[in-house]
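Structure at a glance
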Amino acid sequence: MIVTDRFVFLHLHKSGGTFVNEFLLRFVPEARQIGYHLPRRLAPPMAAQLPALGFVRNPWSYYVSWYSFQARRRAPNALFQILSQNGELDFEHTVANMLNLGTSGKLLDEIVGALPANYTNKGLNIPGFALEPIRLSGRGFYSYLYWYLYDGPGVMHVRRTDRLRAELVSMLIAVGQPVSAAMRAHVSEAADRNTSEHAAYTEYYGRELRDLVAERDADVVSRHEFKFGD
């Protein structure tokens with residue numbers, strides 16, 4: 001979470017947030033980082049009513065990026081280890097487990113128990129108690145993250161990650177943030193940050209898993225007009 005005098009930026013997982021965090025800390029003098037992947041409800045009192053900015057990724061793309069990033073780590077996080085049965089399951093079975101956490105019991109119990117008891121400000125940074133409400137929600141994991149992070153009081157501006165470079169400057173201007181030529185150049189030209197290596201996300205999905213994402217993440221897909229293959 002980045003807090004400034006004019007707005008708050010919320011960093012949704014694997015959705016362009018590292019690029020924006022670094023940009024704001026470099027170019028906005030009063031910007032300061034308050035924790036990592038923190039939800040809107042944990043904004044400091046003086047920032048609670050400020051407009052909030054965020055980005056959201058195509059859910060089909062998110063799951064490929066998450067899986068690819070974790071599968072290549074020497075020590076994947078507890079979420080990946082449990083969902084993939086310590087790396088024994090492939091992409092489709094691991095992500096199906098992830099998508100079904102909102103309808104499951106035993107698997108979710110195991111994950112909630114393995115997550116930290118409190119915020120750690122690193123990695124996933126979701127304590128067990130913060131994931132517990134996904135139970136019986138029917139939501140996919142990414143949709144749960146979306147509402148967990150972005151729900152709260154005040155104005156919330158969320159744009160698609162695939163349009164980040166085209167829309168970040170206009171988002172800042174809309175909340176009264178001066179934007180210099182150097183800032184515009186950075187948004188346009190700076191390299192992507194914290195990316196994971198993988199093929200086109202459409203290559204990872206069979207029909208059944210593709211449709212399961214559409215069902216579990218329907219609210220995010222509909223709200224931001226995502227389509228498989230975008």
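Only a predicted model underlies this, so the values are computations on that prediction, with no experimental measurement involved. (Residues numbered from 1 in each chain as written. Predicted model: local features only at pLDDT ≥ 70, side-chain atom pairs only at ≥ 80, totals over all residues. Heavy atoms only, no water.)

This brings us to the overall build of the protein. The secondary structure content of the protein amounts to 11 helices and 5 strands. Principal-axis analysis of the C-alpha atoms gives the protein an extent of 50 × 35 × 35 Å. The 230 residues of the protein split such that 49% are buried. For the protein, long-range pairs separated by at least 24 residues make up 75% of all intrachain contacts whose partners lie at least 6 apart in sequence. Total accessible area on the protein is roughly 10,900 Å²; 50% of this is exposed by carbon and sulfur atoms. (Helix = DSSP H or I, 4+ residues; strand = E, 2+ residues; numbered from the N terminus. Buried < 20%, exposed > 50% of the residue type's maximum accessible area, 1.4 Å probe, protein only. Contact = heavy atoms within 4.5 Å. Areas by Shrake-Rupley, 256 points an atom, 1.4 Å probe, with all protein chains shown as cover.)

This brings us to the environment of Gly128. Within the fold, Gly128 resides in helix H6 (residues 128-131). Here the alpha-carbon distance between Gly128 and Val221, two residues 93 residues apart in the chain, equals 26 Å. When neighbours within four sequence positions are excluded, Gly128 is seen to be in contact with Val112, Leu115 and Pro116.

Taken across its 5 residues, strand S4 (residues 52-56) has 5 buried, putting it largely inside the fold. The alternating pattern of S4 places Ala52, Gly54 and Val56 and Leu53 and Phe55 on opposite faces, both of which are buried.

Taken in spatial order, the 5 strands line up as S3-S1-S2-S4-S5 in an open sheet, and their pairing is mixed. Edge strands, defined here as strands with exactly one partner in the open sheet, are strand S3 (32-33) and strand S5 (156-160). Bridging between strand S1 (residues 2-3) and S3 involves 2 bridges; their strand directions are antiparallel. When the bridges of S3 are listed, Ile2 appears paired with Gln33. Contacts from helix H7 (residues 141-150) reach S4 and S5, with the element oriented near 175° to S4. Seen against the sheet, helix H8 (residues 164-174) touches S4 and S5 and runs at an angle of roughly 170° to S4. (Pairing = 2+ DSSP bridges. Axes fitted to C-alpha atoms, helices over the stretch in contact; angles between N-to-C directions.)

Inspection of every chain in the model, using the stated rule, returns 15 aromatic pairs. Between Trp60 and Phe228 the ring centres are 5.6 Å apart and the planes differ by 80°, which places this aromatic pair in the edge-to-face class. Of this pair, Trp60 sits in helix H2 (residues 59-71) while Phe228 sits in the segment after helix H11 (218-223); the two residues are 168 residues apart in sequence, bridging distant segments of the chain. Judged by relative accessible area, Trp60 falls into the buried class, the value being 4%. Residue class for Phe228 comes out partly exposed when judged on its relative accessible area of 30%. Feature note: the residues Trp60, Trp66, Tyr67, Phe80, Phe91, Tyr201, Tyr204, Tyr205 and Phe228 constitute an aromatic cluster, connected by ring pairs. If you follow Lys14 out to its NZ or CZ, it ends over the ring of Phe69, 4.4 Å from the centre. (Phe/Tyr/Trp six-rings, centres within 6.5 Å; stacked < 30°, edge-to-face > 60°. Lys NZ or Arg CZ within 6 Å of the ring centre and 35° of its normal.)

A few words on the nonpolar core. Tyr63, Leu79, Leu131, Phe141 and Tyr205 are the most contacted members of the largest nonpolar core, which has 53 residues in total. In terms of residues, this core owes the most to one element, H7, which gives 8 residues. Residues within four places of Leu79 in sequence aside, it is in contact with Trp66, Met98, Leu101, Ile111, Leu124 and Phe141. Ala31, Leu172, Val179 and Val187 belong to the second largest nonpolar core, which has 22 residues in total. (Core = buried A, V, L, I, M, F, W, Y, C linked by side-chain atoms within 4.5 Å.)

Taken by themselves, the reported measurements are silent on function.
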